[in-house]
Each structure stands twice: as C-alpha cells, then as structure tokens.
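Listed below, chain by chain, are the residues.
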Amino acid sequence: MTTTILLYGHIITETSEWLKWYDYAIQQIKSIGFVPNYIGVKGESFNSTKLTTIKRTEAKLKESFQRNEVINRISLYSLPDNFKTAAFDYDVYLSRDTDTGGNANVMITVSSSTFSQLNHQTLVDNLKSHIQFSSGQIFEMIGEDPLIYALKANPPTSFKTLRVIAELKK
C-alpha cells in the first residue's frame, strides 16, 4: 500500500525553481533513509520518457538549467536494485509536473508504513514551497498508479483501492 501527498496549483517554470525542486527532492529522499537513484525528465532536451539513472542524467540536466531550457516535469525515484517496473516498485517517488492539461502538481508517494513515520504537515508545507497551491489530497492506493490518479486521466471511481485520507484546501 502506498500513501501520496498530492498538491495542485500553478507551477512557476523558471530555471531557478526547477533547480530548487531537484535539490529538494534529492534531499527529501535521503532524509527518509533512501537513496535517490533514478530520474525522469520531460523538457526541451529530453525526448525520451524512459527513466535513467541520476548519475547518467545529472550533467545533462544541469546543462539544460544553464541554458534556461523549458522543463515540464522532473520526477525522482528511489528504486531498489532488483526493480521490475518503476511505476510500482519504487521506495520513494517525488514529482513536479506542469502538465498542460490544467493538472499541474507536485507529489510524493511512499509506502504507507514509511508515511506513518513522517511528519505529514512538514511534508505538505515543504511541497507547497514548490507550487502556488490551490488544492490537494492525501490518499492511499494498493497496486494502482497514483500518477494516473493525479493527472485525472480516469475518474476517481475507476480506482478500486483509492482511499482519500484528507482533502487539503487553500
């Protein structure tokens, strides 16, 4: 079972804000005892949707920052060595996404047992510093992809294991 904090709002897309997100996500993963090791980037110099190791991508990402290129999403993962599918096997997932469909969001997903050991309000407050917050939720799922839910690709009723823990208001 995973627990997700999901915040919607407006994302400022300046390079400095993406750099702050990248640094925050790396430190957040480390602070809860995991190793940030994979990244997914969508942007001007990033054509593939495949995840790559942070080691392999970090220099290219920093060059992109230096050129002030357009970035649409940065997602960081802590994946175990033996993972099969990143969408379900991660220990920690953090994402900041400017989705042009009106669902710009920041989110963190961890196992529910890890989540129970974290200060939820501090996490929410930290995530709010990366988005002009308008609304959000804390929710649990089992075996379903929180990102699909976050993007509102399907109606909430299509998620059989979704349990909303809290609605977050402005």
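Residues numbered from 1 in each chain as written. Predicted model: local features only at pLDDT ≥ 70, side-chain atom pairs only at ≥ 80, totals over all residues. Heavy atoms only, no water.

1. Focus on unusual backbone geometry
- The phi dihedral of Asn-68 is positive, around 55°, even though this residue is not glycine.
- Along the chain, Asn-68 turns up in the loop between helix H2 (54-66) and strand S4 (71-78).
- A residue is classified by how much of its surface remains accessible, and Asn-68, at 56% relative accessible area, is exposed.
- The phi torsion at Lys-152 lies on the positive side, around 55°, for a residue other than glycine. (Helix = DSSP H or I, 4+ residues; strand = E, 2+ residues; numbered from the N terminus. Buried < 20%, exposed > 50% of the residue type's maximum accessible area, 1.4 Å probe, protein only.)

2. A look at H2
- Given a rise of 1.5 Å per residue, 13 residues ought to cover 18 Å, and the 18 Å separating the end C-alpha atoms of H2 matches this to within 8%.
- For H2, the complete set of buried residues consists of Ile-54, Thr-57, Leu-61, Ser-64 and Phe-65. Projected down its long axis, H2 shows its buried positions confined to an angular sector of 95°, all on one face. Across H2 from its buried face, at more than 90 degrees, point the exposed residues Lys-55, Arg-56, Ala-59 and Gln-66.
- Residues of H2 that are buried sit in contact with helix H1 (15-31), strand S2 (38-43), strand S3 (52-53) and S4.
- Looking one or two places after H2, you find Asn-68, whose phi comes out positive at around 55°. (Expected span 1.5 Å × (residues − 1). Arc of directions from axis to C-beta. Contact = heavy atoms within 4.5 Å.)

3. What to know about the pattern of salt bridges
- Applying the stated rule across the entire model yields six salt bridges.
- Across the pair Glu-69 and Arg-67 runs a salt bridge whose closest N-O atoms are separated by 2.7 Å.
- Asp-97 is the salt-bridge partner of Arg-73, the closest N and O atoms lying 3.6 Å from each other. Placement of the pair is Arg-73 in strand S4 and Asp-97 in strand S5 (residues 92-97), with a sequence separation of 24 residues.
- On the basis of relative accessibility, which here comes to 5%, the residue Asp-97 falls in the buried class.
- When salt bridges that share partners are traced, they join Glu-63, Arg-67 and Glu-69 into one network. (Salt bridge = Lys/Arg side-chain N within 4 Å of Asp/Glu carboxyl O.)

4. Some thoughts on the pairing of S2
- In this sheet, S3 lies alongside S2 in antiparallel orientation, the contact comprising two bridges. Following the sheet pairing, Tyr-38 is matched in S3 by Thr-53. (Pairing = 2+ DSSP bridges.)

5. A closer look at the side chain of Asp-145
- Structurally, Asp-145 can be placed in the loop between strand S7 (132-141) and helix H6 (146-150).
- Although Asp-145 lies buried, it forms no salt bridge, and the closest oppositely charged side chain, Arg-73, sits 11 Å away as judged by the N-O distance. (Lys, Arg positive; Asp, Glu negative; His and termini not counted.)

6. Focus: the packing of aromatic side chains
- Evaluation of the coordinates by the stated rule reveals seven aromatic pairs.
- Judged by centre distance (4.9 Å) and plane angle (55°), the ring pair of Tyr-77 and Tyr-93 falls under tilted. In this pair, Tyr-77 sits in strand S4 while Tyr-93 sits in strand S5, placing the two residues 16 residues apart along the sequence. When sorted by exposure, Tyr-77 lands in the same class as Tyr-93, which is buried.
- Judged by centre distance (5.7 Å) and plane angle (40°), the rings of Tyr-90 and Tyr-93 are tilted. Each member of the pair, Tyr-90 as well as Tyr-93, carries the same accessibility label: buried.
- Joined through ring pairs, the aromatic side chains of Tyr-77, Tyr-90 and Tyr-93 make up one cluster.
- Above the ring of Phe-46, the side-chain terminus of Lys-60 is found at 4.8 Å from the ring centroid.
- A cation sits over an aromatic face here: Arg-96 above Trp-18, 4.5 Å from the ring centre. (Phe/Tyr/Trp six-rings, centres within 6.5 Å; stacked < 30°, edge-to-face > 60°. Lys NZ or Arg CZ within 6 Å of the ring centre and 35° of its normal.)

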